[in-house]
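The chain contents come next:
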Amino acid sequence: MKKLLSTLIASLMLLSVSACSPSSNNSTTTETKTGDTVSLTVWGSQEEQAVLQGMVDEFIQAHPETKWDIKLGVVSEADAKTRYLEDPAAAADVFAFANDQINDLVGAGALYKVTRNAEEIKSRNSEGSIEGASYDGQLYGYPMTADNGYFLYYDSSVFTEEDVKSLDAMLAKAAAANKKVFMDVSNGWYIASFFLGNGGTLTIEDGVQVTNFNNEKGLETAEAIKAFTADPAFLTGDDSILVAGMGDTIAAGVSGTWNAAAIKEALGDNYAATKLPEFTTKSGLVQMGSFVGYKVLGVNSQTKYPEQAMDLADFLTNEDNQKKRFEARQLLPSNINAASMPEVSEDVAIAALQAQNPFGTSQKNVLGTYWAPAEAFGATMEAKDYSTDLKTLLDTMVEQISTKPSSN
């Protein structure tokens, strides 16, 4: 789930829509006359297209009193904010986004407040997902999944359940078997697991991202990341590298539920997953943390049909359709009833996600200024570029993360 966003570009994009504010009241609705066609566009990830089309078809069948023209577009949850800000008026009426984007989206006036069935939506979804879809106590989106996190997949023919508790043990055993341990360290989403596990924090103060990743513990963490990426058994890359290598050159890898089906097919009877391991710092062993988040459907504040768009978003995220997403894509439901299905707790990947969640940190308080500096630090470690000392690299990263977008 890539989130490598350019701070400068995001800042300029936010300025282009600064006329909208979080406190604006989306009270205007468009009346449709009998016979009018309601045209809506829905953005979803490439992997979501098939199941989404089926849901849209059912929605149209359930509302024959209206003429519908509902089109789908391929935009991932990770890219939703960037694509929206490129041209808000041309953006989808309904779009899925990762909930760490909600502060920036609301700040840009991008999201229509949920004004239909809000209490019913709150009652059917988990408390965490409602908080993740809200801003200043107001619901701005429809919780869709509770799977926006990551954990460890592993080949049980290489590692035992005891082995995968320790990153050091995994690296040693992988090297002995001529295998690799995979992690995309140059992705800000994943590299955070080291810092968050060792006391790192991300908060928002006066619209600025504040972090302590460059304190004493942060430096210990950076040294551990340096050692990990320098290990002969370490391998990095994107999801395609992980999926292609599992069961062959890769014996373990950090990812999420969206890769479960492919990795299960690759590993067969050796398919296994668990929480992230502990890693070693100068002060001792540390359990890896992670980001915990949700996928949310939002309604574009500039839609011509806000009531119909809200009804569609409500339908696409109801209990039945969250069950269908789990059945089709193994995505953990945010819906309370759907999440309580026996099949959910029996799923290997979801059980691993739930085992990691107690060590997770909400990604809601992550602003767009975090991702690119964190990526740059991780890329430096992966490249084994030690021309600048770690403390200077951390200070630079934190300074860039905490830079307030220009208002000029």
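Quick summary incoming for the structure in this document.

Criteria and cut-off values
- The numbering scheme is per chain: residues are counted from 1 as the chain's sequence reads.
- With the structure being a predicted model, the display of local features is reserved for residues of pLDDT at least 70 and the display and counting of side-chain atom pairs for 80 or more, all residues being used for whole-chain, interface and lining totals.
- Side-chain figures throughout are based on the complete set of non-hydrogen atoms in the structure, without hydrogens or water.
- The helix and strand labels rest on DSSP assignments: H or I over at least four residues marks a helix, E over at least two residues marks a strand, and numbering proceeds from the N terminus.
- Here the globule rule is a power law, 2.2 Å times the number of residues to the power 0.38, and the radius of gyration is based on C-alpha atoms.
- Residue contacts follow a heavy-atom distance rule, with two residues in contact if any of their heavy atoms lie within 4.5 Å.
- Accessible surface is estimated by sampling points in the Shrake-Rupley manner with a 1.4 Å probe; for residues, cover comes only from the protein chains shown.
- Throughout this description, buried means an accessible area under 20% of the type-specific maximum (1.4 Å probe, protein chains only), exposed means over 50%, and partly exposed covers the range between.
- Pairing between strands is defined by DSSP: at least two bridges between them are needed.
- All axes are obtained by fitting lines to C-alpha atoms, using only the stretch in contact for helices, and the reported angles, taken between N-to-C directions, cover 0 to 180 degrees.
- Comment on the angle field: the value is read as roughly parallel under 35 degrees, roughly antiparallel over 145, roughly perpendicular from 65 to 115, and oblique elsewhere.
- Helix crossings fall into two classes, left-handed where the near helix is turned counterclockwise from the far one by less than a right angle and right-handed where it is turned clockwise.
- The set of buried Ala, Val, Leu, Ile, Met, Phe, Trp, Tyr and Cys residues whose side-chain atoms join them within 4.5 Å is what this entry labels a nonpolar core.
- Within this document, salt bridges are pairs made up of a side-chain nitrogen of Lys or Arg and a carboxyl oxygen of Asp or Glu, the two lying within 4 Å of each other.

1. A short note on the overall build of the protein chain
Thought 1: From N to C terminus, the protein chain includes 18 helices and 17 strands.
Thought 2: A compact globule built from 408 residues should have a C-alpha radius of gyration of about 22 Å, and the protein chain, at 22 Å, falls within 12% of that.
Thought 3: Reported as C-alpha extents along the three principal axes, the dimensions of the protein chain are approximately 70 × 55 × 30 Å.
Thought 4: Long-range contacts, defined here as pairs at least 24 residues apart, represent 77% of the contacts in the protein chain between residues at least 6 apart.
Thought 5: Accessible area for the protein chain stands at about 16,600 Å²; split by element, carbon and sulfur atoms hold 49% of it.

2. Some points on unusual backbone geometry
Thought 1: In this structure, Asn-117 is a non-glycine residue whose phi angle is positive, near 60 degrees.
Thought 2: Tracing the sequence through the fold places Asn-117 in the loop between α4 (102–107) and α5 (118–124).
Thought 3: Even without a glycine there, the phi angle at Lys-384 is positive, about 55 degrees.
Thought 4: Within the secondary structure, Lys-384 is located in the loop between α17 (371–382) and α18 (390–401).

3. Notes on the pairing of strand β6 (residues 142–148)
Thought 1: Burial analysis of β6 places seven of its seven residues in the buried class, the great majority of the element.
Thought 2: Bridge count for β6 against strand β16 (residues 290–299) is four bridges, and the pairing is antiparallel. Looking across to β16, one finds that Tyr-142 is bridged to Leu-297.

4. Observations concerning the packing of helix α2 (residues 49–62) against helix α13 (residues 319–329)
Each pair of packed helices can be summarised by the angle the axes make with each other and by the distance between the axes.
Thought 1: At a minimum axis distance of 10 Å, the contact between α2 and α13 shows a crossing angle of 155 degrees. One way to sum up the angle between α2 and α13 is to call them roughly antiparallel. As α2 runs across α13, the sense of the crossing is right-handed. In this structure, α2 uses Val-51, Leu-52, Met-55 and Glu-58 to contact α13, whose residues at the interface are Asn-321, Lys-324, Arg-325, Ala-328 and Arg-329.

5. Brief notes about the nonpolar core
Thought 1: Counting 68 residues, the largest nonpolar core has Phe-95, Tyr-153 and Leu-316 as the members making the most contacts within it.
Thought 2: Broken down by element, this core gets its largest block of residues, six residues, from helix α12 (residues 306–316).
Thought 3: Residues Ile-191, Val-286, Tyr-370 and Met-381 belong to the second largest nonpolar core, which totals 50 residues.

6. Describing the sheet that holds strand β11 (residues 234–235)
Thought 1: Here we have five strands laid out as an open sheet, ordered β11-β8-β12-β7-β13, and mixed in their pairing. Here the strands that pair on one side only, and so sit at the sheet edges, are β11 and β13 (271–274).

7. Points about the pattern of salt bridges
Thought 1: Overall, the coordinates contain 18 salt bridges when judged by the stated rule.
Thought 2: Its salt-bridge partner being Asp-311, residue Arg-116 comes within 3.0 Å of it at the nearest N-O pair. Of the two residues, Arg-116 sits in the loop between α4 and α5 while Asp-311 sits in helix α12, which places them 195 residues apart along the sequence.
Thought 3: You can call Asp-311 partly exposed: its relative accessible area is 25%.
Thought 4: The salt bridge partner of Lys-295 is Asp-147, with a shortest N-O separation of 2.7 Å. Of this pair, Lys-295 sits in strand β16 while Asp-147 sits in strand β6, placing them 148 residues apart in sequence.

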